[in-house]
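In case you want the letters, here they are:
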Amino acid sequence: DTAVSQTPKYLVTQMGNDKSIKCEQNLGHDTMYWYKQDSKKFLKIMFSYNNKELIINETVPNRFSPKSPDKAHLNLHINSLELGDSAVYFCASSDRTGGVGEKLFFGSGTQLSVL
Amino acid sequence: AQKITQTQPGMFVQEKEAVTLDCTYDTSDQSYGLFWYKQPSSGEMIFLIYQGSYDEQNATEGRYSLNFQKARKSANLVISASQLGDSAMYFCAIPIQGAQKLVFGQGTRLTINP
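Residues numbered from 1 in each chain as written. Chains lettered and ligands numbered in written order. Predicted model: local features only at pLDDT ≥ 70, side-chain atom pairs only at ≥ 80, totals over all residues. Heavy atoms only, no water.

A. Local environment of the interface of chain A and chain B. Taken together, the contacts link 26 residues of chain A with 26 residues of chain B. Of the roughly 1900 Å² buried where chain A meets chain B, counting both sides, 60% is carbon and sulfur surface. The interface formed by chain A and chain B includes three residue pairs in polar contact (both at pLDDT 80 or more). Counting only elements with at least two residues in the side of chain A that touches chain B, the list comes to strand S4 (31–37), strand S5 (43–50), strand S6 (53–57) and strand S10 (104–106) of chain A. Classifying every residue of the side of chain A that touches chain B by side-chain character gives 11 nonpolar, nine polar and six charged. (Contact = heavy atoms within 4.5 Å. Buried area = accessible area lost by both parts, 1.4 Å probe. Polar contact = N/O pair within 3.5 Å; in protein donor to acceptor, adjacent residues only side chain to side chain. Helix = DSSP H or I, 4+ residues; strand = E, 2+ residues; numbered from the N terminus. Nonpolar A, V, L, I, M, F, W, Y, C, P; charged D, E, K, R; others polar.)

B. Just the side chain of B:Thr27, in detail. Residue and element names in this part refer to chain B. The residue Thr27 is located in the loop between strand S4 (24–26) and strand S5 (33–39) in this model. Of the residues examined, Thr27 reaches a relative accessible area of 10% and is grouped as buried. Reaching out from Thr27, the side chain makes a polar contact with the backbone nitrogen of Asp29 at a distance of 3.1 Å. Once you skip the residues sitting within four places of it in the chain, Thr27 turns out to touch Gln2, Tyr32, Lys73 and Ile94. (Buried < 20%, exposed > 50% of the residue type's maximum accessible area, 1.4 Å probe, protein only.)

C. Looking closely at the nonpolar core. Formed by 25 residues in total, the largest nonpolar core has its most connected members in B:Tyr25, B:Leu34, B:Trp36, B:Ile49, B:Leu77, B:Tyr90 and B:Leu110. Secondary-structure elements contributing two or more residues to this core are strand S2 (10–14), strand S3 (19–21), S5, strand S6 (46–52), strand S8 (64–69), strand S9 (74–79), strand S10 (88–96) and strand S12 (108–113) of chain B. Looking at which element gives the most residues to this core, the answer is S10(B), with four residues. Residues contacting B:Leu34, with those up to four places away along its chain left out, are B:Ile4, B:Cys23, B:Tyr25, B:Ile49, B:Tyr50, B:Gln51, B:Leu66, B:Phe68, B:Ala75, B:Ala93 and B:Ile94. Counting 20 residues, the second largest nonpolar core, distinct from the first, contains A:Val4, A:Ile21, A:Met32 and A:Trp34. (Core = buried A, V, L, I, M, F, W, Y, C linked by side-chain atoms within 4.5 Å.)

D. The arrangement of the side chain of A:Arg63 in detail. Residue and element names in this part refer to chain A. For Arg63, the location among the structural elements is in the loop between S6 and strand S7 (64–70). Within the local environment of Arg63, its side chain forms a polar contact with the side chain of Glu82, the two groups lying 3.4 Å apart. When sequence neighbours within four positions are dropped, the list of residues in contact with Arg63 reads His77, Ile78, Asn79, Ser80, Leu81, Glu82 and Asp85.

E. Structural view of the state of the cysteines. Residue and element names in this part refer to chain B. Going through the model one piece at a time under the given rule, you end up with two disulfides over all chains. Shown here is the disulfide that connects Cys23 with Cys92, its sulfur atoms set 2.2 Å apart. The sign of the S-S torsion, about 85°, decides the handedness of the disulfide formed by Cys23 and Cys92: right-handed. With a gap of 69 residues between them, Cys23 in the loop between S3 and S4 and Cys92 in strand S10 connect regions that are remote in the sequence. (Disulfide = S-S within 2.5 Å.)

F. Highlighting the environment of A:Asn79. Residues and elements named next belong to chain A. Within the fold, Asn79 resides in the loop between strand S8 (73–78) and strand S9 (87–94). On the basis of relative accessibility, which here comes to 27%, the residue Asn79 falls in the partly exposed class. Residues Asn79 and Lys19 lie 60 residues apart in sequence; the distance between their C-alpha atoms is 6.7 Å. The residues touching Asn79, leaving out its near neighbours within four places in the chain, are Asn17, Asp18 and Arg63. There is a polar contact of 2.9 Å between the side chain of Asn79 and the side chain of His77.

Any functional reading would require information beyond the geometric quantities listed.
Here you go:
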């Protein structure tokens, strides 16, 4: 059983389109995240949610809208895709809220390519 | 603000040798922790090891150990008896206390040669 699953694994789309990435965790965690990994492999947080409530919005363009229907799901919708949005997007969850030892469990990533 | 630095963009090591991946950090928190994650070519992020600043002994997990030197603000990952499957990107990360996020270093690409 996959702990954090995200779909799709690959997403190829044209500039200007709208797309969504879905994420689900079966670990019973309260906190979920979206991270972006750019072409240089740099990982940066985009959003975090705690029990469906937005906690962190890390100056991400408002074309990106996360949605958490329940604490086990955190989806990412992207409007008007741009070339610069091409990256790998990781969903993650954690078992502690803001604690020092907060370990992240990652999904397998979604490679988004905008043409 | 927390800052984390990995100064080795790439490393090449012979199979069965030990390897040390460097990580230095800067934090104003009194209590903090350091994580190491592995990202193989398949892309997933795999948790390897964690140590809190309050832990007296360096953490070990199988062939992985953390060489935590608080005075130098370094938390290096040591992999003993390297294997071909250890070839991957390795990231160290530090949490921002109370902010519910991990800040990652730039990563080190480790290649194990047969």
